[in-house]
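# A structural walkthrough
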Amino acid sequence: MIPEISDLALTEPGTIGPCHVGPDALQGIKRQQTNPTRWNGQGWHPFAAALRDSGIELRENIAACGTFATDAGGTAYGLPHGVVIARSTAQVAALLKAAQQLRVPVTVRGGGLTTEGESVAFGGVLLDMTGMSRVLHVDSAALTVRTEGGIFWHSLAEELRRYGMDYLSAPLNLTSSVGGTLGVGGIDVNSPRLGCSADQALSVQVVTPRGEIVECSDTQNAELFRRVILGYGQFGVITEATLKIRRYTPLRMHYFYYDSLRTAVEDMQLLNRNDASDYAGILTIMDCAVNLLVAFDSDEREAAFKENWQVQLRGHGEAGFALCMLRRYALRPWKLPEAWYLLQRKRELFPEFRRPEYLRDGLMHDRTVVFSRAVWKFWGSKQMVIPDLATSAEKFVAAVERGNAVCRKYFPHYTLYMVGIKLRAEHKPHYEMSCIPPDAEGWAYGCEFEPMMDDRVYSRDYLQSFKNAIYDIGVDLGGSYYRFGGMMKGYIRRVFGDEVVNRHLAMKREADPAMILNRDVIF
Amino acid sequence: MRTVDVVIVGAGLAAAAAAKRLVDAGLETIVLERFQLPRHKICSGILSPRGHRFLLENFGPLPRETLHDPASCRGVTFHFPSMVSMPMDFYGGTTPHLHRKYADHWAIQRSGAEVHDQTAFVGLQDNGDHVIVQAKKNGEPVEYRARQVIGADGPSSPVVRAVYPEYQQSIPWFIVGQKFHEIIECPLDEQYFHFWFHPDLGHYTWSHARDGRQIVGVGFKRGDNFAKKHANVVNYFSDKHGVRLGEPLDDEGCGENFGPSLINRYVFGKGNVLITGQAAGFLNMIGEGMSCALHSGAICGEAVVEARLRNRPMQEVYRSMIASEVRRTSDQWNPLKIAFDRPHEADFPAALMALGWRDRAKVLRDMWNFVVLYKEFKWGRQIMRAALQRPLIGGYSMRNWL
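As the structure is a computational prediction, the values presented were derived from the model and not from experiment.

## Focus on the overall build of chain A
- A count of helical and extended segments in chain A gives 17 helices and 17 strands.
- The C-alpha radius of gyration computed for chain A amounts to 23 Å, which stays within 12% of the reference 24 Å derived for 523 residues, consistent with globular compactness.
- Along the three orthogonal principal directions, the C-alpha set of chain A runs to about 75 × 65 × 40 Å.
- Across chain A, every contact between residues at least 6 apart in sequence was considered, and the portion connecting residues at least 24 apart equals 71%.

Dropping the structure here:
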């Protein structure tokens, strides 16, 4: 007799199905489906009709849908049934109401800079937030800006400059959207002083998965605010946000070069602990050329640094480092190809950071443009594969060194980007189940491990093994990750534990009974 | 004539993995299977932990119906003529004992592709910008027009035959047959897959428990007599291991292509036709082909998506992407890797070191005697050449591939 295939129905979102193989299968680690099943399309036609009745433009042609086939990660491919470009909060609310009623998955996308397929729709409707990209109001006196959620950071920066203002912190990759960044974190080289990008939000307007429009902040609908900030898009769509801003200042840049990851990290942590700089971050060429970037907003801060802290840093200047490298490779002639690569990379990279249109009188203007250009030109390839580790200050060196060993094993060339994040004690509830590790006090530290793909083509399988090897370190050390959604969501229960995840799952079910908003990202 | 994006021939695990990637990316995909689904499949069903993880991450947890009894396997035990036995546990813990009939059906259903069963592939015609696939559904001719065709139809692949008519004559073929016996007494641990390095028994001799019966399997060169070979193994088990079995209740056998992974001679297709899974030659050591079928199938699907969406040459993309799976699979057969690394999913060097030095010497001698059995295929030089390539170019040469 042919047995019925009983478990064909989808496992309840967010839960892990039963394992019939054995309690110790896969080392007893409960794993779950991380490559989502394409939504079957049931209820699509009534949904499409409902949208058209409400005057919402829905694009179903293959060209419109195909535009969103993948994200910056370039490994997950999916196709929505239709695309809606966000035009207003009311329109988003109407869409979510219909979707909730007809159980149609909604994937929200800003700049599409996710790397694990979080902004890729495996069927259902894709809501493109870039249609809502206006700055609504700049208050130079109160130092705030009200903006729509779909705006890119570079557009916001451009608008703010007209008022002589600047945002506090944003990802170096400026084509991510404000709404998307508030939902996941966002780190900048000034994060050791000003915190992650999400922490600069004073209040946000959210459309909940049931289609209600709610304004929330630390004092108004505080619980929703906690869930939406760093909430990975599970509890609502951010349509508008009020952000803290500051006066624009050009930067006084200093670079220190190291040949040891550990020393550079220790020096960066020293600066952060003592509030010795306004900006501090590490960018490397593999583990041989480690650059600690230190910058200041004012001459006074720069002078204080020079007086008190510069002597304590163990990094070299450019000439000193060149000598150091010369000695290193003279003793290791078999590593000459590596030296050649470093030299080539230096020749390409350095002029980009010193372009005369941005560097005037020793000051760097529009750092956001300089960094963002460089990121896309020299680090962004057709696939941005950037697994990361986030840990407390104490565990950070170990995480970086172990992650570096994994990179060495998998790729000939790679880069590491490290930065600290100042934590806001009063925002602790925001940080639960986010990129901020639960045991971090004062500062959290993050390191991105990015292979340089050059012209090589790697299978997703190979890249996935690499990411798994990095993420296993996080489980081992008890840290967190910046990108734990989508294809990496199998790590969520492993790092945060069942109790926390189940609590969030219960909240998600309450907020989104049909589980339609950004499915398969976290739950 | 039905026009689709991709036609996949075969409805096994490689096909399911490829179909999953294609369907996710929104490509209209049809899977052709010559039998009615769910269909029987000859296989030990012992999936490696890596394959288990792939199934879970792509298709979800395995339903109970997709597993035999015992549902899991703890590891592999090697037996040697000198009567030394070496049990080795899998690194990842226990691993599924798949009931291929239902597991394959479940996976192909979960992929979301449209499946046309009872439709046998007959031939194809690659016209440059599309391929015409000829098939027979219940004896009636039927045609499909597709941009790409994926051959995921097992070792004696009709798609490979259609694209490379000479290839299958150029490689040695083995027959593996297994008989299902009633158990009277069996001291072999049912939690393990048992394998014999014994040149007198056959090229590939194994036994394990399934659904209350004991499987006795033997692999041999095409042309030998299955009944005689099998009877010899049963007598050996009885004499040396005290295994007492009843008359066989059932038997089955099929042809296998052991060679391509050993000597890095894979066949990946040409033009708009891509070959994957065991049809391409992927087979892990100890004959487990499911995990590499899943991974290579997925890579094949990704390559089609990547090449189409980014307008890049299909075969070139597929070959660059599949290199990692080739490395992993061929590493399992690479003597230098076996000696100095850990290419397998169970720890052979540790199990060897756990033995006394006398037993270690016996094991190495027995293994050498077993390897000599394969001398006639003249693989030695090719294996060594591939093994030396590995550290020099960081992989295996693509020039040997078809």
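That shown, we press on.
## Side note on the interface of chain B and chain A
- Between chain B and chain A, the residue contacts involve 44 residues of the former and 36 residues of the latter.
- Among the secondary structure elements, those contributing two or more residues to the side of chain B that touches chain A are helix H1 (13–24), helix H2 (49–59), strand E3 (67–73), strand E6 (95–98), helix H3 (100–111), helix H8 (290–309) and helix H9 (314–331) of chain B.
- For the side of chain B that touches chain A, the element with the highest residue contribution is H2 of chain B, accounting for seven residues.
- Here the side of chain B that touches chain A is composed, by residue class, of 21 nonpolar, 15 polar and eight charged.

## Brief notes about the sheet that holds strand E14 (residues 363–364) of chain A
Residue and element names in this part refer to chain A.
- The sheet built from eight strands is open, its strands ordered E13-E14-E10-E12-E11-E16-E17-E15 with antiparallel pairing. The sheet is open, and its two edges are formed by strand E13 (359–360) and strand E15 (388–392), each paired on a single side.
- Here strand E10 (residues 251–258) pairs with E14 via two bridges, running antiparallel. Following the sheet pairing, Leu 251 is matched in E14 by Met 364.

## Digging into the packing of H1 of chain B against H3 of chain B
Residues and elements named next belong to chain B.
- Axis separation between H1 and H3 bottoms out at 8 Å; the angle between their running directions is 10°. As far as their axial angle goes, H3 and H1 are roughly parallel. Along the contact surface, H1 presents Leu 13, Ala 15, Ala 16, Ala 19, Lys 20 and Val 23, while H3 presents Asp 104, Ala 107, Ile 108 and Ser 111.
- A class-by-class count of the residues in the contact of H1 with H3 yields seven nonpolar, one polar and two charged.

## Thoughts on the environment of Val 106 of chain A
- Locating Val 106 of chain A in the fold gives a position in strand E2 (residues 106–109).
- Considering only alpha carbons, one finds Val 106 of chain A and Gly 123 of chain A, 17 residues apart in sequence, at a separation of 8.7 Å.

## A short note on the sheet that holds E2 of chain A
All names here are of chain A.
- One open sheet holds the three strands; their spatial order is E1-E3-E2, and the pairing between them is parallel. Only two strands of the sheet have a single neighbouring strand rather than two, namely strand E1 (82–85) and E2. The average angle at which neighbouring strand axes cross in this sheet is 25°, direction not considered.
- Two strands pair when backbone bridges link them, and E1 and strand E3 (residues 125–128) are joined in this way by four bridges, in the parallel orientation. Bridging from a neighbouring strand, Ile 85 pairs with Asp 128 of E3.
- In the packing of helix H3 (residues 89–102) onto the sheet, the strands contacted are E1, E2 and E3, and the crossing angle to E3 comes to about 165°.

## Observations concerning the domain arrangement of chain A
Residues and elements named next belong to chain A.
- Each assigned domain of chain A is listed with its residue range as follows: domain 1 (5–130), domain 2 (135–247) and domain 3 (252–482).
- Of note, the centres of domain 1 and domain 3, computed from C-alpha atoms alone, are 34 Å apart.
- Taken together, the contact pairs five residues of domain 1 with seven residues of domain 3.
- Per-class residue counts for the side of domain 1 that touches domain 3 are one nonpolar, four polar and no charged.

About the criteria used
- Residues numbered from 1 in each chain as written.
- Chains lettered and ligands numbered in written order.
- Predicted model: local features only at pLDDT ≥ 70, side-chain atom pairs only at ≥ 80, totals over all residues.
- Helix = DSSP H or I, 4+ residues; strand = E, 2+ residues; numbered from the N terminus.
- Rg over C-alpha atoms; globule rule 2.2 N^0.38 Å.
- Contact = placed C-beta atoms within 7 Å.
- Nonpolar A, V, L, I, M, F, W, Y, C, P; charged D, E, K, R; others polar.
- Pairing = 2+ DSSP bridges.
- Axes fitted to C-alpha atoms, helices over the stretch in contact; angles between N-to-C directions.
- Parallel < 35°, antiparallel > 145°, perpendicular 65-115°, else oblique.
- Domains from an automatic or database assignment.

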